[in-house]
Amino acid sequence: SIMPATLSAISNSARKGVLFKGGLHIENLGHVNAIAFDKTGTLTNGKLTVTDAFYDDQVNQDEILATVGAIEKQSTHPLAQALTNFSSTQMNTIPVTVDDMKTIGGNGVRAKVNNQTWRIGKPDFVGKEEANVFYNGILETLASQGKTVVFAKKGDRIVAVFGLKDTIRKDTKQAIKLLRENGVHTIMLTGDNEITAKAIAEEAGIDDYIANCLPEEKVGHIRELKNNFKNVAMVGDGINDAPALATANLGVAMGEGTDVALETADMVLMKNNLDKITNAINLSKRMNRIVK
Ligand code: ADP
Ligand code: MG
């Protein structure tokens, strides 16, 4: 049976926009000493815009943009939306037929257009060596500004590179600072490259980060964190985050996250209010002292 102190803690925190799916979860939160955060859509708003674009001048720019737009139109990734919007505002319309569209998780997309294979995604996915030779220094420059860098490759030729900027949520820095002051270690998990990850981690003030993290690797990292820290929470918003949310001692979903994340989570930040986590931890600790 549920204790009155637990009930009152659950309803108190619900009023502040932090929802628990049961007494055990609010109790667990008080024991958490490390929290892993997904990057895109969790620490950041997840609304990206294309800020930079470079093209191979041997290839028609409208063809590049039309193809990238048409391929990305079939992807649900937040980057894809930004690239589709960008291409539609920048080019003269050219009809493009996309075949054999395939998403390669954590890497990018591959498709056929006019019997040519196109690849759009991270440097490793298009060939890091080529990406570097072709656009020497651009990757580093954009990434060190915290931008995600996406390459487009037609056949074996890299034809464009894009820089996409996301913004950190307005309460991210405060949330991380409060957690540190309360002795909770913070880690960011991201599929993005090392340089971009470092820039965002620094901006957020987060203790640690893991870059180039494939969606299926998030679970392994949570297990490792559990070995090192014992009681680990994971905060995420995406379908990809659900297995990691389930693996953590406490799974936390962003209120605007996907249904799968919301269903898997033990706790929900109704208004995406990361800065309410520390409050909830302290509430849980007080409750645990009364209930014990
Ligand atoms: P995260 O959730 O941390 O942004 P993902 O695992 O979703 O990471 O993606 C990792 C990287 O793969 C992205 O930073 C991007 O470079 C590349 N990528 C993934 N999907 C796409 C896509 N649809 N178009 C272009 N690049 C993509
Ligand atoms: Mg995300």
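Computed from a predicted structure; not experimentally measured. (Residues numbered from 1 in each chain as written. Chains lettered and ligands numbered in written order. Predicted model: local features only at pLDDT ≥ 70, side-chain atom pairs only at ≥ 80, totals over all residues.)

## A short note on the environment of asparagine 273
- Tracing the sequence through the fold places asparagine 273 in the loop between β13 (267–269) and α14 (277–291).
- Owing to 18 C-beta atoms within 10 Å, asparagine 273 belongs among the partly exposed residues under this scheme.
- Separated by 141 residues in the primary sequence, asparagine 273 and asparagine 132 have C-alpha atoms spaced 39 Å apart. (Helix = DSSP H or I, 4+ residues; strand = E, 2+ residues; numbered from the N terminus. Buried ≥ 20, exposed ≤ 12 C-beta atoms within 10 Å, placed from the backbone.)

## Topic: the site of ligand 1
- In the vicinity of ligand 1 lie 20 residues, with Thr40, His77, Gly106, Lys122 and Gly191 positioned nearest.
- When contributions to the shell around ligand 1 are tallied by element, the ones reaching two or more residues are α3 (39–43), α5 (78–90), β5 (108–113), β6 (116–121) and β7 (148–154).
- Along the lines of polarity and charge, the residues of the shell around ligand 1 split into six nonpolar, 10 polar and four charged.
- Both domain 1 (4–45 + 169–291) and domain 2 (49–165) contribute no fewer than three residues apiece to the shell around ligand 1. (Near = placed C-beta within 6 Å. Nonpolar A, V, L, I, M, F, W, Y, C, P; charged D, E, K, R; others polar. Domains from an automatic or database assignment.)

## A word on the sheet that holds strand β10 (residues 208–210)
- A sheet is described by the order of its strands in space; here seven strands give the open sequence β1-β13-β12-β11-β2-β9-β10, paired in mixed fashion. The sheet is open, and its two edges are formed by β1 (18–20) and β10, each paired on a single side. Across the sheet, the axes of successive neighbouring strands diverge by a mean angle of 20 degrees, strand direction being ignored.
- Direction of pairing for strand β9 (residues 185–189) relative to β10: parallel, over a ladder of three bridges. In the sheet register, leucine 189 faces β10, and the bridge partner there is isoleucine 210. (Pairing = 2+ DSSP bridges. Axes fitted to C-alpha atoms, helices over the stretch in contact; angles between N-to-C directions.)

## Here's the deal with the domain arrangement of the protein
- As assigned here, the protein comprises domain 1 (4–45 + 169–291) and domain 2 (49–165).
- Between the C-alpha centres of domain 1 and domain 2 there is a distance of 32 Å.
- On the domain 2 side, the residues contacting the 12 residues of domain 1 number 13 residues.
- Secondary-structure elements contributing two or more residues to the side of domain 1 that touches domain 2 are α3 and α10 (194–204).
- Per-element accounting of the side of domain 1 that touches domain 2 gives the leading share, five residues, to α10.
- Classifying every residue of the side of domain 1 that touches domain 2 by side-chain character gives five nonpolar, five polar and two charged. (Contact = placed C-beta atoms within 7 Å.)

## Some words on the environment of valine 32
- As for its placement among the helices and strands, valine 32 is situated in the loop between α2 (23–29) and β2 (34–38).
- Distance in space between the C-alpha atoms of valine 32 and serine 75 is 36 Å, their sequence separation being 43 residues.
- When neighbours within four sequence positions are excluded, valine 32 is seen to be in contact with Val184, Asn231, Val232, Ala233, Asn249, Leu250 and Ile281.

## Details of the sheet that holds strand β8 (residues 157–165)
- Strand order in the open sheet made by the six strands is β3-β8-β7-β6-β5-β4, with antiparallel pairing throughout. One side of each edge strand has no neighbouring strand; the edge strands of this open sheet are β3 (49–55) and β4 (99–104). On average, each strand axis in the sheet is inclined to that of its neighbour by 15 degrees, with strand direction left out of account.
- In terms of strand pairing, β7 meets β8 through seven bridges, oriented antiparallel. Along β8, the bridge assignment pairs lysine 154 with arginine 157.

## Side note on the pairing of β8
- Of all the nine residues making up β8, seven are buried; the element is thus mostly covered by neighbouring parts of the structure.
- Relative to β8, β3 runs antiparallel, the two sharing six bridges. What sits directly across from tyrosine 55, in β8, is alanine 160.
- Between the end of β7 and the start of β8, which pair antiparallel, lie two residues, with glycine 155 showing a positive phi angle near 60 degrees.

## What about the packing of helix α4 (residues 61–72) against α5?
- Following both chains from N to C, one finds α4 and α5 inclined at 145 degrees, their axes separated by 8 Å at the closest point. Both α4 and α5 take part in a crossing whose hand is left-handed. Contact residues: Leu65, Ala66, Val68, Gly69 and Glu72 in α4; Ala80, Leu83, Thr84, Ser87, Ser88 and Gln90 in α5.
- Of the residues assigned to the contact of α4 with α5, the class counts are five nonpolar, five polar and one charged. (Left-handed = near helix turned anticlockwise from the far one by under 90°.)

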